[in-house]
Amino acid sequence: MSQSATGAAGPLTIYRCMQEALLGEGATLLPAELLAEDVVVETPFSPPGMRRHEGREAWLAFYRARSAVLPIRFEQFRELATHQTRDPEVIVVEYELAGTVTTTGLRASATLIGVLRVRDGLIQHWREYQDVLAISEALKLTPEVLGGAGTPSL
């Protein structure tokens, strides 16, 4: 597992923690204890208004509101590829999430790509590119509806 020069967990170690947290009780990809206070979370392919969150509290408030209505139980995190970069704080990850839509029983999966920056053992920046079409189809929603208030979004 990777460690920074300061001995704090590096991006690969933090990424492994993210994987475990997504499949556990109270599932979340970005556990609060791993987030820097000034974290930036971006999902560039999300509907407008949902693409960028600055600060731990802003992200957690958004995530709590969205996950309360997200009818997905994640059951598998399949790592497709992990790419080291020249920057020791950054990795690029490709993965597939599979789970069950709890309202319909439909099993579905989506492929995602993330860019993770970790400094001093905390997530500074997470940028995730989601397969919005696969997510929309699994939830039986259009991408436009995913941007509406109170609607589920990954």
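Read on for an overview of the structure. (Residues numbered from 1 in each chain as written. Predicted model: local features only at pLDDT ≥ 70, side-chain atom pairs only at ≥ 80, totals over all residues. Heavy atoms only, no water.)

Attention shifts here to the environment of Trp126. Mapped onto the elements of the fold, Trp126 is located in strand β6 (residues 122-130). Spatially, the C-alpha atoms of Trp126 and Val115 are 5.8 Å apart, while their sequence positions differ by 11 residues. (Helix = DSSP H or I, 4+ residues; strand = E, 2+ residues; numbered from the N terminus.)

One non-glycine residue, Asp120, lies in positive phi territory at about 55 degrees. Relative to the helices and strands, Asp120 is located in the loop between β5 (107-119) and β6. Judged by its relative accessible area of 54%, Asp120 falls in the exposed class. (Buried < 20%, exposed > 50% of the residue type's maximum accessible area, 1.4 Å probe, protein only.)

Attention shifts here to the pairing of β6. Each regular strand shows side chains that alternate between the opposite faces of the sheet. Pairing of strand β1 (residues 35-42) with β6, which is carried by 4 bridges, proceeds in the parallel orientation. The residue bridging Val40 from the neighbouring strand is His125, located in β6. Bridge analysis of β5 against β6 gives 8 bridges, and the strand direction is antiparallel. Looking at the pairing, Val115 lines up with Arg127 of β6. The loop that links β5 with its antiparallel partner β6 comprises 2 residues; one of these, Asp120, has a positive phi angle of about 55 degrees. (Pairing = 2+ DSSP bridges.)

Here helix α1 (residues 11-23) is 13 residues long and its end C-alpha atoms lie 19 Å apart, about the 18 Å a rise of 1.5 Å per residue gives. Looking only at α1, the buried set comprises Pro11, Leu12, Thr13, Ile14, Tyr15, Met18, Gln19, Ala21 and Leu22. The inward-facing, buried residues of α1 abut β3 (72-84), β4 (90-101), β5 and β6. (Expected span 1.5 Å × (residues − 1). Contact = heavy atoms within 4.5 Å.)

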